[in-house]
Number of protein chains: 2
Amino acid sequence: GSFDKSVDFANYFCTYAFIYHQKEMLSDRVRMDAYYNAIFNNKHHFAGKVVLDVGTGSGILAIWSAQAGARKVYAVEATKMAEHAKALAHANNVEDIVQVIEGSMEEVSLPEKVDVIISEWMGYFLLRESMFDSVICARDKWLKPSGVMYPSHARMWVAPVRSGLGDQKMNDYETAMSDWYSFVNDTEINYGVNMNVLSQAYREEHEKYYLKTSLWNSLHPSQIIGTPAVIKEIDCSTATVDEIRNVFANFLLPINVDRTRLSAFAGWFDVHFRGSMQNPVEQEVELTTAPSIDNSTHWGQQVFLLHPPLRVDVGDKLMIAFSMSRSRENHRLMDVNFTYELQLSSGKCFKPVARKYYIE
Amino acid sequence: GSFDKSVDFANYFCTYAFIYHQKEMLSDRVRMDAYYNAIFNNKHHFAGKVVLDVGTGSGILAIWSAQAGARKVYAVEATKMAEHAKALAHANNVEDIVQVIEGSMEEVSLPEKVDVIISEWMGYFLLRESMFDSVICARDKWLKPSGVMYPSHARMWVAPVRSGLGDQKMNDYETAMSDWYSFVNDTEINYGVNMNVLSQAYREEHEKYYLKTSLWNSLHPSQIIGTPAVIKEIDCSTATVDEIRNVFANFLLPINVDRTRLSAFAGWFDVHFRGSMQNPVEQEVELTTAPSIDNSTHWGQQVFLLHPPLRVDVGDKLMIAFSMSRSRENHRLMDVNFTYELQLSSGKCFKPVARKYYIE
Ligand SMILES: Nc1ncnc2c1ncn2[C@@H]1O[C@H](CSCC[C@H](N)C(=O)O)[C@@H](O)[C@H]1O
Ligand SMILES: Nc1ncnc2c1ncn2[C@@H]1O[C@H](CSCC[C@H](N)C(=O)O)[C@@H](O)[C@H]1O
């Protein structure tokens, strides 16, 4: 689709220009520990090397890379946050190593190729924000053939879950609709205009908002009622934009909880730091955003509500056809489709149901 | 400044494309009654006439104009809401009179000049959104010399108020800052990076957010502790963009409540429907957004907090120098300055204090 840079700034980059938002990420212990350990437990990848940090934000990953011994770190940041990153590098005595470059990755030029690309590019359900495009662009342009990617691998997961969120949202939706109908009534009585012709459009607007837009949630592991499935694996060293622009997957979700209610699908991701085949890490690090009691992240999980929920039992299976593509109006947002077919342990099969969702 | 149309859509127009948002305005009884009465109590301005509705939204004002006997109504709307306006006109049997035109007022062409321009262009504190620019443009291009403006006049008001909002926001601000300092501490201990160099910038970010950004509030009339002042009057038939781009005023606010606390200035507006000198209304209608028990509006008032609040007493006076201009980054938002000087009834004068605010 068409792509307007200043609209992208208004819609997307703007939030990253606030320290407040950077701080949210910097306060995510799971995220921070993973990158910290990936770097400091694998110093051989950094010592004496040239590093590129794609989207440096506050500069944290660039500073760590310098502290781990990098010879030079190019830290590219599109927003004004670049100025704070510069100040932070200086205050932490790595200003000679870390060179902050304000500009978008696609447009800046580096004086040399790099040994390592490090980046924290993951959005909700991995691909929201489409920032991995910029990492691919950086890799193809600036990474030496022998270079390594941090992280090196990424996966998307889906699981069947139970949750009260759907009832709540259905309630909100129904309240909104009954409020609409009294509004239509009042407007006719008080102002002589019949608004009922807009009821269908209003319903669609609110269905989208309350029922079809995926929700951020930090699920409890006990809400997972079946075996999660990996629906997409990405090798960060080789993936192309074409490979991630559309995600398709057919998979099975076996229910493993007694007589319960399937009320949503949950989506999350993990990434791994493994280095490359020729140049592996010494210690592999995993960053997972799966439901967890002690290790929840700011990404949480994306919840796709099912209306109505399904009664399910251990031994039942869900056959799922999943697809995700970019929203036509905003390439950083996603349109998601789930087609699900419940097969009971008795053998009985229900008709497939297709549902459309928006990751906003 | 530079002006990017697609950014303006992303930032501004987008919200108006939701029926939800139009409904909020359509549910504002004070607003609706004012326009309804202005039209139906002054049918001589509409019967047999050609009307232009600038920013028709749902089409409500255009449909009323048709119901009041207009020969033709051009209803211009920039967003997709235009399609709903079309449907609504049809459902209310005025599709032959109301011609909905999807496009921005600055760019559309009408087949004829008009007798009346009606528009609901008012934003928070009157001028936020800068939509009156589009009405001026429409007037200069399409209104017959004998034509009338609905509304015909507008005024901005300021009053001294007491409110607990300031304490609350100061509290939020202080909590945010102490949270920041423990974050700085934790980040140094856990991750070996000292973030303290960003503390000043973080403070400014949060001062702006919690203390310097004006707040929407529906004030109780008893919170007004002095005589409100009109700080700007606009004649909609003659005003130019130059006249509204910057607003300056010097005025006096006498305190008229015993031993109380001045904790903020409040700003609101009213508009009047008077027709024109040559062609006055039969019945004048006022739409006021002043603090009110029974007649509050969705505009509420804009509250500009004073830190620290001042002890004041009946008989004290505030000398105010006020200025408002458009934000450099977004011409639809405003930068406001209040310089205030307290003069006690005893004659004692305090030093003038200058404060900067943002209407976001
Ligand atoms: N194409 C691009 N060019 C430059 N910066 C980009 C970019 N796409 C995203 N960014 C920036 O990348 C950052 C992602 S958030 C991660 C920030 C930092 N690396 C950390 O780990 O804490 C944001 O600050 C965003 O503004
Ligand atoms: N320059 C412009 N051209 C066309 N429409 C505009 C415009 N500036 C603002 N608008 C539209 O004007 C409307 C203002 S809100 C008022 C809507 C309607 N007249 C009512 O009274 O209920 C919004 O729908 C907005 O999209």
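Since the structure is predicted, the reported quantities are computational estimates derived from the model, not experimental observations.

**Points about the relation of the copies chain A and chain B**
Copy one and copy two of the chain differ by a rotation about a common axis and a shift along it. Mapping chain A onto chain B calls for a rotation angle of 180° and an axial translation of 0.0 Å; the resulting RMSD is 0.0 Å. What we have between these two chains is a two-fold relation. Across chain A, the smallest distance between a C-alpha and the rotation axis is recorded for Val7 of chain A, namely 2.5 Å. When the interface residues of chain A are mapped onto chain B, 100% of them again fall at the interface, so both copies present the same face.

**Topic: empty space enclosed by the protein**
Evaluated as defined, the whole model comprises one cavity of 30 Å³ or more. Approximately 30 Å³ is the volume found for the largest cavity. Taken together, Ile19, Gln22, Lys23, Leu26, Ser58 and Met81 of chain A together with Trp180, Phe183, Met195 and Leu198 of chain B form the lining of the largest cavity. At the level of secondary structure, the elements contributing two or more residues to the lining of the largest cavity comprise α2 (19–26) of chain A together with α7 (165–191) of chain B. Looking at which element gives the most residues to the lining of the largest cavity, the answer is α2 of chain A, with four residues.

**A look at the site of ligand 2**
Residue and element names in this part refer to chain B. Not every one of the 21 residues close to ligand 2 is listed here, only the nearest: Arg31, Gly55, Glu77, Met105 and Glu106. One nitrogen or oxygen atom from the main chain of Gly55 is found 2.9 Å from a nitrogen atom belonging to ligand 2. At 2.7 Å from an oxygen atom of ligand 2 is found a side-chain nitrogen or oxygen belonging to Glu77. If ligand 2 stood free it would expose 570 Å²; the protein chains cover 99% of that surface. Listing elements by their share of the shell around ligand 2, those giving two or more residues are α1 (5–16), α2 (19–26) and α4 (60–67).

**Concerning the side chain of Gln22 of chain B**
Residues and elements named next belong to chain B. Note on placement: Gln22 falls in helix α2. Given the relative accessible area of 6%, Gln22 is considered buried. Setting aside residues up to four positions removed in sequence, Gln22 forms contacts with Tyr16, Gly57, Ser58 and Met81.

Calculation criteria
Residues numbered from 1 in each chain as written. Chains lettered and ligands numbered in written order. Predicted model: local features only at pLDDT ≥ 70, side-chain atom pairs only at ≥ 80, totals over all residues. Heavy atoms only, no water. Least-squares fit on C-alpha atoms with pLDDT ≥ 70 in both. Contact = heavy atoms within 4.5 Å. 1 Å grid on protein atoms, 1.4 Å probe; cavity = no way out; pocket = protein on both sides within 12 Å on 5 of 7 lines; lining within 4 Å. Points joined across faces, edges and corners; volume = space filled by probe spheres on them. Helix = DSSP H or I, 4+ residues; strand = E, 2+ residues; numbered from the N terminus. Near = heavy atom within 4 Å. Polar contact = N/O pair within 3.5 Å; in protein donor to acceptor, adjacent residues only side chain to side chain. Areas by Shrake-Rupley, 256 points an atom, 1.4 Å probe, with all protein chains shown as cover. Buried < 20%, exposed > 50% of the residue type's maximum accessible area, 1.4 Å probe, protein only.

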